[in-house]
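Reading the structure
The chain contents come next:
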Amino acid sequence: MSNIKDYINGTVEEMRDKVSWPAFKELQNNSVLVLIGSLVFALVVGAMDFVFDSSLTWFYNQF
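Residues numbered from 1 in each chain as written. Predicted model: local features only at pLDDT ≥ 70, side-chain atom pairs only at ≥ 80, totals over all residues. Heavy atoms only, no water.

1. Some thoughts on the overall build of the protein chain
Counting its secondary structure elements, the protein chain contains 2 helices and 0 strands. Rg of the C-alpha trace for the protein chain: 24 Å, well past the compact-globule value of 11 Å for 63 residues, more than 25% over. Over its C-alpha atoms, taken along the principal directions, the protein chain stretches across nearly 70 × 35 × 10 Å. In the protein chain, which comprises 63 residues, the share counted as buried stands at 0%. (Helix = DSSP H or I, 4+ residues; strand = E, 2+ residues; numbered from the N terminus. Rg over C-alpha atoms; globule rule 2.2 N^0.38 Å. Buried < 20%, exposed > 50% of the residue type's maximum accessible area, 1.4 Å probe, protein only.)

2. Let's talk about a nonpolar patch on the surface
Taken together, the side chains of Val32, Ile36, Val40, Val44, Met48, Phe50, Val51 and Phe52 present a nonpolar region at the surface, about 770 Å² in accessible area. By the secondary structure assignment, Val32 is in helix α2 (residues 24-61). (Patch = residues over 30% accessible without salt bridge, like charges linked within 9 Å, V, L, I, M, F, W, Y side chains within 5 Å. Areas by Shrake-Rupley, 256 points an atom, 1.4 Å probe, with all protein chains shown as cover. Salt bridge = Lys/Arg side-chain N within 4 Å of Asp/Glu carboxyl O.)

3. Details of the environment of Trp58
The topology assignment puts Trp58 in helix α2. Note on Trp58: relative accessible area 55%, which makes it exposed. With 31 residues separating them in the primary sequence, Trp58 and Leu27 have C-alpha atoms 46 Å apart.

4. Overview of the packing of aromatic side chains
Considering all chains together, one arrives at 2 aromatic pairs under this definition. Consider the rings of Phe59 and Phe63, whose centres lie 5.2 Å apart with planes at 75 degrees: the pair is edge-to-face. Grouped by ring-pair contacts, the aromatic residues Phe59, Tyr60 and Phe63 constitute a single cluster. (Phe/Tyr/Trp six-rings, centres within 6.5 Å; stacked < 30°, edge-to-face > 60°.)

This is the structure:
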């Protein structure tokens, strides 16, 4: 039980004293970048899916 308590105390100490937390403005900017990147990636994958689906549907309808 002592090992668990030491682990938790060490974790709390490290999170409080050794971790450098970003400023709120930096956190907002990074969040916006992640959101935009995710949307662009989703649009590219969606477009590829649409093109492949349309191509295969056209190809299968030829036979």
